[in-house]
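So the chains spell out like this:
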Amino acid sequence: MIGASLLAGSLLVSGATAAVAEVKAPTLGPHGYGAVKLGMTAKQAQATGGVVKKLSGGSGCSGWDLKQFRTPKNSVGVYISPRVGLAAIFAAKGMKTPQGIKIGSTAKQLKAAYPRVKKNFQGYYVTAVPGNKKAYYSFTVSRGKVTEYGIALHKQDCFN
């Protein structure tokens with residue numbers, strides 16, 4: 001009887017631990033995603049095992065995906081520039097910034113997390129990345145909610 005109670009108790013504890021582990025969202029920022037860091041060369045990024053090449057860039061930027069977060073056929077999640085290295089990473093559903101912003105966050109939450117966020121001339125909400133003066137976050141907000149976001153180097157040369 002005591003053994004059964006201990007076993008049930010340990011299952012409850014381990015079940016709770018598993019539930020907590022599932023809730024923890026992957027973090028994008030301040031320097032990249034896990035071992036995949038802004039500024040890395042294509043070779044360095046590939047050596048992490050965390051990216052998969054999708055589009056050759058020729059003499060320009062190449063398109064990649066994070067291995068854990070594949071994008072649809074005609075899109076990419078990561079850009080790597082021959083000049084500046086890993087230039088940008090776009091968030092996949094379930095990712096969050098260290099300040100807790102994710103796809104689905106409200107505009108009010110975005111402004112509370114990043115009080116200096118500003119809407120640029122293209123309609124994106126842009127702010128400095130806390131802890132990385134070389135990078136910025138860009139957020140798309142539609143109907144009061146974050147629908148897309150990414151982190152990029154200020155010197156990125158892959159997109160406007």
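Everything below is about the structure printed above this text.
Residues numbered from 1 in each chain as written. Predicted model: local features only at pLDDT ≥ 70, side-chain atom pairs only at ≥ 80, totals over all residues. Heavy atoms only, no water.

**Some remarks on the sheet that holds strand S8 (residues 125-129)**
The criterion, for reference: For two strands to be treated as a pair, DSSP must find no fewer than two bridges joining them. Only DSSP runs of H or I covering at least 4 residues are called helices, and only runs of E covering at least 2 are called strands; the numbering of each starts at the N terminus.
In space, the eight strands of this open sheet follow the order S3-S4-S5-S6-S10-S9-S8-S7, with antiparallel pairing throughout. Every other strand in the sheet has two partners, leaving strand S3 (51-55) and strand S7 (118-119) as the edge strands with one partner each. Relative to S8, S7 is paired through two bridges, and the arrangement is antiparallel. Looking across to S8, one finds that lysine 119 is bridged to tyrosine 125.

**Let's talk about the pattern of salt bridges**
For the record, the criterion: Within this document, salt bridges are pairs made up of a side-chain nitrogen of Lys or Arg and a carboxyl oxygen of Asp or Glu, the two lying within 4 Å of each other.
In total, this model carries two salt bridges according to the counting rule given. In this structure, lysine 54 and aspartate 65 form a salt bridge, with 3.2 Å as the shortest nitrogen-oxygen distance. Remark: aspartate 65 occurs in strand S4 (residues 62-66) and lysine 54 occurs in strand S3; sequence separation between them is 11 residues.

**Comments concerning the packing of aromatic side chains**
How we decide: Here a Phe, Tyr or Trp ring, Trp counted by its six-membered ring, pairs with any other such ring whose centre lies within 6.5 Å, and the pair is stacked when the planes are under 30 degrees apart, edge-to-face when over 60, and tilted otherwise. Each residue gets one of three labels from its accessible area relative to the maximum for its type: buried under 20%, exposed over 50%, partly exposed in between, using a 1.4 Å probe on protein chains only.
The full count for this structure, using the stated rule, is eight aromatic pairs. Centre to centre, the rings of phenylalanine 90 and phenylalanine 159 are 5.7 Å apart; their planes meet at 50°, and the pair counts as tilted. One end of the pair, phenylalanine 90, is in strand S6 (residues 85-90); the other, phenylalanine 159, is in the segment after strand S10 (145-153), with 69 residues separating them in the sequence. Under the relative-accessibility criterion, phenylalanine 90 is labelled partly exposed at 32%. Three or more aromatic residues link up through ring pairs in this structure, and these residues are Tyr114, Tyr137, Phe139 and Tyr149.

**Digging into the pairing of S6**
The element S6 is extensively covered by neighbouring structure, given that five of its six residues are classed as buried. By the bridge criterion, four bridges tie strand S5 (residues 78-81) to S6 in an arrangement that is antiparallel. Paired with valine 78 across the bridge in S6 is isoleucine 89. Count of turn residues in the S5/S6 antiparallel hairpin: three residues. For S6 and S10, the ladder comprises three bridges, and the chain directions are antiparallel. Bridge assignment links isoleucine 89 to a residue of S10, and that residue is isoleucine 151.

**Quick word on the side chain of aspartate 65**
Stated formally: Throughout, a contact is declared for two residues whenever any of their heavy atoms are within 4.5 Å.
Among the residues examined, aspartate 65 registers a relative accessible area of 1% and is labelled buried. Filtering out sequence-adjacent residues up to four positions away, aspartate 65 remains in contact with Gly50, Val51, Val52, Lys54, Arg70, Thr71, Ser75, Val76, Gly77 and Val78.

**Topic: the side chain of serine 81**
In plain terms, the rule: Here a polar contact means two N or O atoms within 3.5 Å. Within protein one must be a hydrogen donor candidate and the other an acceptor candidate, and residues neighboring in sequence count only if both atoms are side-chain atoms.
Take serine 81: it is sitting in strand S5. For serine 81, a relative accessible area of 3% gives the class buried. A distance of 3.0 Å separates a polar atom in the side chain of serine 81 from the backbone nitrogen of arginine 83. Here the side chain of serine 81 touches aspartate 157 through a polar contact of 2.6 Å, side chain to side chain. Discounting chain neighbours no more than four positions away, the residues touching serine 81 are Cys61, Ala87, Asp157 and Cys158.

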